[in-house]
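One letter stands for each residue in the lines below.
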Amino acid sequence: MAQLYYRYGTMNSGKTIEILKVAYNYEEQGKGVVIMTSALDTRDGVGYVSSRIGMKRPAIAIEETTDIFGYIQDLPEKPYCVLVDEAQFLKRHHVYDLARVVDELDIPVMAFGLKNDFRNELFEGSKYLLLLADKIEEIKTICQYCKKKATMVLRTQDGVPVYDGEQIQIGGNETYISVCRKHYFAPEINKENEEK
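If you're wondering where the values come from, they're calculated on a predicted model, not measured in any experiment.

About the criteria used
Residues numbered from 1 in each chain as written. Predicted model: local features only at pLDDT ≥ 70, side-chain atom pairs only at ≥ 80, totals over all residues. Heavy atoms only, no water. Helix = DSSP H or I, 4+ residues; strand = E, 2+ residues; numbered from the N terminus. Expected span 1.5 Å × (residues − 1). Buried < 20%, exposed > 50% of the residue type's maximum accessible area, 1.4 Å probe, protein only. Contact = heavy atoms within 4.5 Å. Polar contact = N/O pair within 3.5 Å; in protein donor to acceptor, adjacent residues only side chain to side chain. Core = buried A, V, L, I, M, F, W, Y, C linked by side-chain atoms within 4.5 Å. Phe/Tyr/Trp six-rings, centres within 6.5 Å; stacked < 30°, edge-to-face > 60°. Lys NZ or Arg CZ within 6 Å of the ring centre and 35° of its normal.

## A look at helix 3 (residues 92-105)
Right, on to step 1. If you check helix 3, its first and last C-alpha atoms are 19 Å apart, about what 14 residues at 1.5 Å a residue would give, namely 20 Å.
Right, on to step 2. Within the span of helix 3, buried status applies to His94, Val95, Asp97, Leu98, Ala99, Val101, Val102 and Leu105.
Right, on to step 3. Of the surrounding secondary structure, the elements contacted by the buried residues of helix 3 are strand 1 (4-8), strand 5 (60-62), helix 2 (68-73), strand 6 (81-85), strand 7 (109-113) and helix 4 (124-132).
Right, on to step 4. Once helix 3 ends, the next one or two residues include Asp106, with phi positive near 55°.

Spelled out as structure tokens, the structure:
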């Protein structure tokens, strides 16, 4: 029986590598997959899933108006699995489409993304995945400043922590740092800058 999986983690926790690994494993067995990602993620161009270690492959770009259920339903060959990267950027209707893919088409869906933003608030996609997913799993990584588990994302601008602003600002290691709760509220960025 198909299920909706939500696997979340902070930046640099290996979410995209996991998607590429799952896709590879299915395809090695001759089982087709559909890889999708938010059109908002433009770091390597629209419609690509790419990891920070250099692995990259094309994906279906999910726009605000994309009918995910209709797209999957109309495919000439039923995929064995649907994999979604950057799922935090999805809208409510996208997540409900993914649930319909599972429930009505009996195709498993694995969505990967961040849970909370730099303001420590849920993204819309994350909120509805947490509500609708059959299985939820955290992909863990460690805080940049200590050995604790990173649970939050700190946005920086010119080496200074930023706690307010637009929720979505595409960026990588130059903008976002994965941290534990303690270092989210008391980052050691200023100490590092003073030492330089």
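The rest of the description comes next.
## Digging into the side chain of Gln88
Right, on to step 1. For Gln88, the location among the structural elements is in the loop between strand 6 and helix 3.
Right, on to step 2. For Gln88, a relative accessible area of 2% gives the class buried.
Right, on to step 3. At 2.7 Å, the side chain of Gln88 forms a polar contact with the side chain of Glu86.
Right, on to step 4. Dropping the residues within four chain positions of it, Gln88 is found in contact with Phe112, Gly113, Leu114, Phe123, Glu124, Gly125 and Ser126.

## As for the nonpolar core
Across soluble globular proteins, nonpolar side chains have a tendency to be buried as a group.
Right, on to step 1. Leu4, Ile72, Val82, Val84, Val101 and Val109 are the most contacted members of the largest nonpolar core, which has 26 residues in total.
Right, on to step 2. Put simply, the parts of the chain that give this core at least two residues each are strand 1, strand 2 (33-38), helix 2, strand 6, helix 3, strand 7 and helix 4.
Right, on to step 3. The element best represented in this core is helix 3, accounting for 6 residues.
Right, on to step 4. If we ignore the near neighbours within four places in the chain, the residues touching Val82 are Val34, Met36, Ile72, Val101, Ile107, Pro108, Val109 and Met110.

## A few points about the packing of aromatic side chains
In this description, an aromatic ring pair is defined by two values, namely the gap between the centres and the angle between the planes.
Right, on to step 1. One pass over the full model with this rule turns up 5 aromatic pairs.
Right, on to step 2. Aromatic pair Tyr184 and Phe185: ring centres 4.9 Å apart, planes at 90°, arrangement edge-to-face.
Right, on to step 3. Residue class for Phe185 comes out exposed when judged on its relative accessible area of 58%.
Right, on to step 4. One aromatic cluster is present, formed by Tyr163, Tyr184 and Phe185 through successive ring pairs.
Right, on to step 5. Sitting above the plane of the Tyr48 ring, Lys56 keeps its charged end 4.5 Å from the centroid.
Right, on to step 6. Directly above the ring of Phe69 sits Arg100, whose terminal nitrogen or CZ lies 3.7 Å from the centroid.

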